[in-house]
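This is what each chain is made of:
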Amino acid sequence: MNGYFRFFGYLLVAAVLWSCAERKEPSRSGDIPIISWAGIPADRSAVLFPLLKECGIDWHLGLYRDSGEACAALEEAEKAGVGLIPGFPALKDSTENAVAVLKDSPALVAYHLEDEPELSDIPWLAALVVKIRSLDSAHPPYVNLYPDWAWGQDSYRDNIEEFAANVNVPFYSFDQYPVTEKDGRIEIRPTWYRNLEEFSSMSRSHGKPFWAFALTESHHLGAPSPPAFYPVPDIGQLRLQVFSDLLYGAQAIQYFTFRGMYDTRTFEKTPVFDIVKQVNAEIKAYAHVFAGCKVENVWHIGDTVPQYTKRLDAMPHSAVKALDIEGAGAVVSLLANGGHEYLAVQNRDCVDSAVLLAGFYGKVRIVTPEGTAKYKGRPIRLSPGDIAVFDLGTDIK
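Residues numbered from 1 in each chain as written. Predicted model: local features only at pLDDT ≥ 70, side-chain atom pairs only at ≥ 80, totals over all residues. Heavy atoms only, no water.

1. Observations concerning a positive patch on the surface
A cluster of basic residues, Lys-363, Lys-374, Lys-376 and Arg-378, forms a positive patch on the protein surface. Among the secondary structure elements, Lys-376 is positioned in the loop between strand 19 (371-374) and strand 20 (380-382). With a relative accessible area of 62%, Lys-376 lands in the exposed category. (Patch = residues over 30% accessible without salt bridge, like charges linked within 9 Å, V, L, I, M, F, W, Y side chains within 5 Å. Areas by Shrake-Rupley, 256 points an atom, 1.4 Å probe, with all protein chains shown as cover. Salt bridge = Lys/Arg side-chain N within 4 Å of Asp/Glu carboxyl O. Lys, Arg positive; Asp, Glu negative; His and termini not counted. Charge placed at Lys NZ, Arg CZ, Asp CG, Glu CD. Helix = DSSP H or I, 4+ residues; strand = E, 2+ residues; numbered from the N terminus. Buried < 20%, exposed > 50% of the residue type's maximum accessible area, 1.4 Å probe, protein only.)

See below:
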């Protein structure tokens with residue numbers, strides 16, 4: 001356990017929604033929480049929570065059979081210095097007792113109530129959220145929503161709006177795994193960026209942040225029809241997911257699942273562990289740019305742009321003289337944070353590198369995981385899925 005901080009620091013935008021006393025909490029670096037989903041059985045917590053901590057993951061969402069397993073996991077999480085978002089049936093069936101047992105644990109972060117609810121679940125979820133918040137104002141209820149392809153693309157915007165209008169959670173979450181493999185070729189779900197557009201827009205309209213996902217474990221469930229499936233990610237595929245989430249304003253990154261990061265028989269780290277650890281370090285290095293940011297606009301450039309996204313047809317800011325990419329295309333995000341404006345550009349290709357050509361009026365600094373330096377105007381090689389971030393200065397108009 002490393003020190004004290006206020007719980008509401010976990011998410012700057014959500015802070016005003018909670019009145020929290022200073023309490024002992026699991027520490028983490030930066031202000032973009034990094035969360036792993038499932039993959040740590042209660043009876044393996046003592047072995048695997050330290051591994052989670054080593055990977056740079058702050059919190060774990062664990063699914064348990066009962067409050068006894070959840071309490072045991074909370075004890076081990078506290079020892080390892082990580083947080084826990086437990087979910088188990090009694091949170092719905094015996095809410096008062098379940099909350100009373102958990103709420104004073106220093107490792108508790110939130111209560112997981114439901115994954116991918118249907119529209120018919122909204123009334124009881126809304127009531128359960130109200131009940132949880134009345135019993136414990138310091139730890140939020142958490143619900144994760146469907147991706148667009150699983151909830152009707154044409155009705156998706158209406159569905160997430162109906163949820164947001166009726167279920168008073170302090171942040172929204174959805175899962176989407178865009179990278180698939182078919183006949184040996186990596187393919188990106190064609191409506192992934194539409195999903196990000198609609199979800200981030202809904203989140204902003206309600207004045208609340210959203211959390212998003214990246215995939216760390218290969219599986220077939222929910223993948224497009226065979227022979228397509230979700231592959232074990234390389235670093236380009238992981239960066240594409242994580243940084244696209246952040247450029248659209250995501251305020252937490254969730255990995256499905258921690259099981260993809262270790263061998264379930266030997267507990268040895270898989271190659272994915274080191275990839276995730278590296279990307280986590282990059283997320284933390286960019287946290288001052290993305291944590292609590294206001295996304296002013298997002299565009300796409302390239303010969304083609306994803307459906308339902310905006311093509312950049314003019315310079316995104318008065319400080320930008322030229323902006324182009326030699327490659328498949330890019331995501332361009334203009335955001336404000338801490339009195340500064342930032343331009344973030346992502347290589348939208350998770351297989352091949354690209355070259356970014358950018359020119360600016362006046363003095364502009366480039367932000368990298370290693371620090372910030374004066375930008376000298378040279379072309380920038382962007383690895384698959386990677387980003388370039390420019391600090392445009394403090395003169396926000």
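2. Here we look at the sheet that holds strand 14 (residues 320-326)
The three strands lie next to each other as 14-17-20, forming an open sheet whose pairing is antiparallel. The open sheet is flanked by strand 14 and strand 20, the only strands paired with a single partner. Going from strand to strand, the sheet's axes swing by 25° on average, the running direction of each strand aside. Note that strand 17 (residues 354-360) and strand 20 share three bridges and pair antiparallel. The residue bridging Leu-356 from the neighbouring strand is Ile-380, located in strand 20. (Pairing = 2+ DSSP bridges. Axes fitted to C-alpha atoms, helices over the stretch in contact; angles between N-to-C directions.)

3. Remarks on the packing of aromatic side chains
The full count for this structure, using the stated rule, is 24 aromatic pairs. For the ring pair Tyr-142 and Trp-211, a centre distance of 5.6 Å and an interplane angle of 35° mean the geometry is tilted. Of the two residues, Tyr-142 is situated in strand 7 (residues 141-144) and Trp-211 in strand 11 (residues 210-215); the sequence distance between them amounts to 69 residues. Put simply, the rings of Trp-37, Trp-59, Tyr-142, Phe-171, Tyr-177, Trp-211, Phe-213, Tyr-230 and Phe-256 touch in pairs and so form one group of aromatic residues. Sitting over the ring of Tyr-308, Arg-194 keeps its end group 3.9 Å from the ring centre. (Phe/Tyr/Trp six-rings, centres within 6.5 Å; stacked < 30°, edge-to-face > 60°. Lys NZ or Arg CZ within 6 Å of the ring centre and 35° of its normal.)

4. Regarding helix 8 (residues 235-247)
An α-helix turns once per 3.6 residues; consequently, residues spaced three or four apart project the same way. Its 13 residues place the ends of helix 8 18 Å apart at the C-alpha level, agreeing with the 18 Å of an ideal helix rising 1.5 Å per residue. When you tally the buried positions in helix 8, you get twelve out of 13 residues, the bulk of the element. Within the sequence span of helix 8, burial applies to Gly-236, Gln-237, Leu-238, Arg-239, Leu-240, Gln-241, Val-242, Phe-243, Ser-244, Asp-245, Leu-246 and Leu-247. Where helix 8 starts, the residue carrying a side-chain oxygen 3.1 Å from the main-chain nitrogen of Gly-236 turns out to be Asp-234. Just beyond helix 8, the residue with positive phi is Gly-249, at close to 105°. (Expected span 1.5 Å × (residues − 1). Polar contact = N/O pair within 3.5 Å; in protein donor to acceptor, adjacent residues only side chain to side chain.)

5. Topic: the pattern of salt bridges
Oppositely charged side chains can pair when the atoms bearing their charge come close. Counted by the stated rule, this structure contains 16 salt bridges. We note a salt bridge from Lys-277 to Glu-54, for which the minimum N-O separation is 4.0 Å. Taken together, the positions of Lys-277 in helix 9 (residues 271-285) and Glu-54 in helix 1 (residues 45-54) put the pair 223 residues apart, joining distant regions of the chain. Exposure remark for Lys-277: the relative accessible area of 35% places this residue in the partly exposed category. Residue Arg-194 is joined to Asp-154 by a salt bridge in which the shortest nitrogen-to-oxygen separation is 3.8 Å.

6. Observations concerning the pairing of strand 18 (residues 365-368)
Pairing of strand 18 with strand 19 involves four bridges; the strand directions are antiparallel. The partner of Thr-368 across the bridge, within strand 19, is Gly-371. Between strand 18 and strand 19, which follow one another and run antiparallel, lie two residues. Here strand 18 pairs with strand 21 (residues 387-393) via three bridges, running antiparallel. Along strand 21, the bridge assignment pairs Arg-365 with Asp-391.

7. Topic: helix 2 (residues 67-80)
Compared with an ideal rise of 1.5 Å per residue, which puts 14 residues at 20 Å, helix 2 spans 20 Å between its outermost C-alpha atoms and is within 8% of the ideal. All of the buried residues along helix 2 are Glu-69, Ala-70, Ala-73, Leu-74, Glu-76, Ala-77 and Ala-80. Next to the buried residues of helix 2 lie helix 1, strand 5 (83-87) and helix 4 (95-102). Backbone nitrogen of Gly-68 and a side-chain oxygen of the N-cap are separated by 3.1 Å at the start of helix 2; the cap is Asp-66. At the exit of helix 2 stands Gly-81, carrying a positive phi of roughly 80°. (Contact = heavy atoms within 4.5 Å.)

8. Things to note about the environment of Thr-372
Looking at the element boundaries, Thr-372 is found in strand 19. Since its relative accessible area comes to 37%, Thr-372 is described here as partly exposed. For the pair Thr-372 and Asp-391, spaced 19 residues apart in the sequence, the C-alpha separation amounts to 8.6 Å. In contact with Thr-372, other than residues within four places in its own chain, are Arg-365, Ile-366 and Val-367.

9. Comments concerning the sheet that holds strand 8 (residues 172-173)
Taken in spatial order, the six strands of this open sheet run 5-4-3-12-11-8, and their pairing is parallel. Looking at strand neighbours, the two that pair on one side only are strand 5 and strand 8, the edges of this open sheet. The pairing of strand 11 with strand 12 (residues 253-256) spans four bridges and is classified as parallel. The residue of strand 12 that forms the bridge with Ala-212 is Ile-253. Of the strands in this sheet, strand 3 (34-37) and strand 12 touch helix 9, which is tilted by about 170° from strand 12.

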